[in-house]
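Now for the letters of each chain:
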Amino acid sequence: MTVLPVYDRADWASAFRNVEVELNGVALTAARGTIPPELQGTLYRNGPGRMERGGQWVHHPFDGDGMITALRFGPEGVQLSNRFVRTEGWQAEEQAGKFLYRGVFGTQKPGGVAANAFDLRLKNIANTHVVRLGDQLLALWEAAEPYALDPDTLETRGLTLLDGVLKKGEAFSAHPRFDPGHNGAPRMVTFGVKTGPRSTIRLMEFAVADDPASGVKAGQLLSERRDSFSGFAFLHDFAITPNWAVFLQNAIAFNPLPYVLGQKGAAQCLASQPGGQAKFWLIPRDSGAFAGQKPRLIDAPDGFVFHHLNAWEEGDQLVVDSIYYADFPSIGPEQDFRTIDFELIDEGLLEQCRIDLASGVVQTQRYSERCCEFATVNPNREGLSCQFAWMAVAEREQGNDPLQAIKKLDLQSGERRIWSAAPRGFVSEPLMVPRPGATGEDDGWVLCLVWNGARCASDLVILDAASLAEVAVLELPLAVPHGLHGSWAPA
Ligand code: CO
């Protein structure tokens, strides 16, 4: 029996829009339930906020300019702010009232192929992730350096080279991982990729707090290393364990010609490489037991991975949980993203790879057939073995649909719980926030911005992380388009 989808496409598509307002500290109350008083800190979200200029739509929402949404939970209640990142490109296009740059995902400047050919400038749109590092908030976009923002006002301070760590225009991943203290003090571990026929990964580890004893300051670079690998690297995400930084190089090829000639965006020139071999690139962390050793290269299973859930070590084995697609998903030049047929696109499925480091043998196991994305663990279990995962899933048990529900999965028993926003709600990336002083891995809350198709606006939903029971719902006076990543900064 085929189970039909339960959503209305118009509800899903209504979240693709321009954000026309910037709010500054608007007080919110719970429309339902009670906001937990121990929940103190700020939820930051990033995602595309501008989808259209001069009547022209972006070709893909990932080409939309970054807008930060902040929900501050304090003793006086919750306050909402949102602000566009004042990137150079955003400012110039705001003035011009039209697109002046090509987008990586296929947005072209007006004027057809001739106007786009040989224009290889990148527009840093700062739209992928937002994290707190030291006294600044970083709006991240993986192909260039971060934009620094004021964590309270969200005002853009400008491009940052992180105190000279980066060169101008240097790639800096949008997927930092936060080591909760594997080998001492907590760290932010991240990377940048320089691609070519050989690709170089620069692995960087930063302090996340001041240490008066050693004089180390939050945001200071503690270690780095560079490793080169043959082939074009497309690395959106990675994973860490106490000893390893884990990269999965998909079997993918990049043919830049249509991009150079003005026919396609750069990301539309990526395609699965028939007969290619995916590889795990395991780079030893400097704080771990294999510091200074060469990377390990191990054959990885077929499929395409954007995001990892987590990784950890078990004796001689390295366990890596990731969301696999059967193939690299791309939106061709003739397609409108708002009318895509979900049935024709492969869904993301959570799988576990167990790598035997002695033999190089990899065993895989699928956790579930339900389409998922944006999977996360308790931040205190990052890089360590864990029992629970929370993720955005489709409402149907099988098939590819928009993400409408939150799932809590027990990785050991397979037991699952679901909270659903269907039929008119569409979820974004859930974040797990541990309760202060909690000892249980699932003791805390799950925070999720939900597109409410009935209101054509966004709700913040707070769930109990253990039971997925609804704790509170805040109806925002703001329409936040389907977004990308975000983080929680405790008070
Ligand atoms: Co991502």
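The rules behind these values
Residues numbered from 1 in each chain as written. Predicted model: local features only at pLDDT ≥ 70, side-chain atom pairs only at ≥ 80, totals over all residues. Heavy atoms only, no water. Helix = DSSP H or I, 4+ residues; strand = E, 2+ residues; numbered from the N terminus. Rg over C-alpha atoms; globule rule 2.2 N^0.38 Å. Buried < 20%, exposed > 50% of the residue type's maximum accessible area, 1.4 Å probe, protein only. Contact = heavy atoms within 4.5 Å. Areas by Shrake-Rupley, 256 points an atom, 1.4 Å probe, with all protein chains shown as cover. Lys, Arg positive; Asp, Glu negative; His and termini not counted. Charge placed at Lys NZ, Arg CZ, Asp CG, Glu CD. Salt bridge = Lys/Arg side-chain N within 4 Å of Asp/Glu carboxyl O.

A. Up close: the overall build of the protein chain. Scanning the protein chain from terminus to terminus reveals four helices and 35 strands. Taken over the C-alpha trace, the protein chain has a radius of gyration of 21 Å; the compact-globule value for 491 residues is 23 Å, and the two agree within 12%. Taken along the three principal axes of its C-alpha coordinates, the protein chain extends 60 × 55 × 55 Å. Taken across its 491 residues, the protein chain has 56% of its residues classed as buried. Across the protein chain, the fraction of contacts at a sequence separation of at least 24, relative to all contacts at a separation of at least 6, is 60%. Accessible area for the protein chain stands at about 19,800 Å²; split by element, carbon and sulfur atoms hold 50% of it. With 44 positive and 60 negative side-chain charges, the protein chain shows a spacing of 4 Å between the two charge centroids.

B. Representation of the pattern of salt bridges. According to the stated counting rule, one finds 37 salt bridges in the structure shown. One salt bridge connects Arg187 with Asp286, and the closest N-O pair in it is separated by 3.2 Å. In this pair, Arg187 is assigned in strand β13 (residues 187-194) and Asp286 in the loop between β20 (279-284) and β21 (296-299), connecting sequence segments 99 residues apart. Overall, the relative accessible area of 15% leaves Arg187 in the buried class. The class of Asp286 is partly exposed, set by a relative accessible area of 38%. Notably, a salt bridge pairs Arg396 with Glu343, separated by 3.1 Å at the nearest N-O pair.

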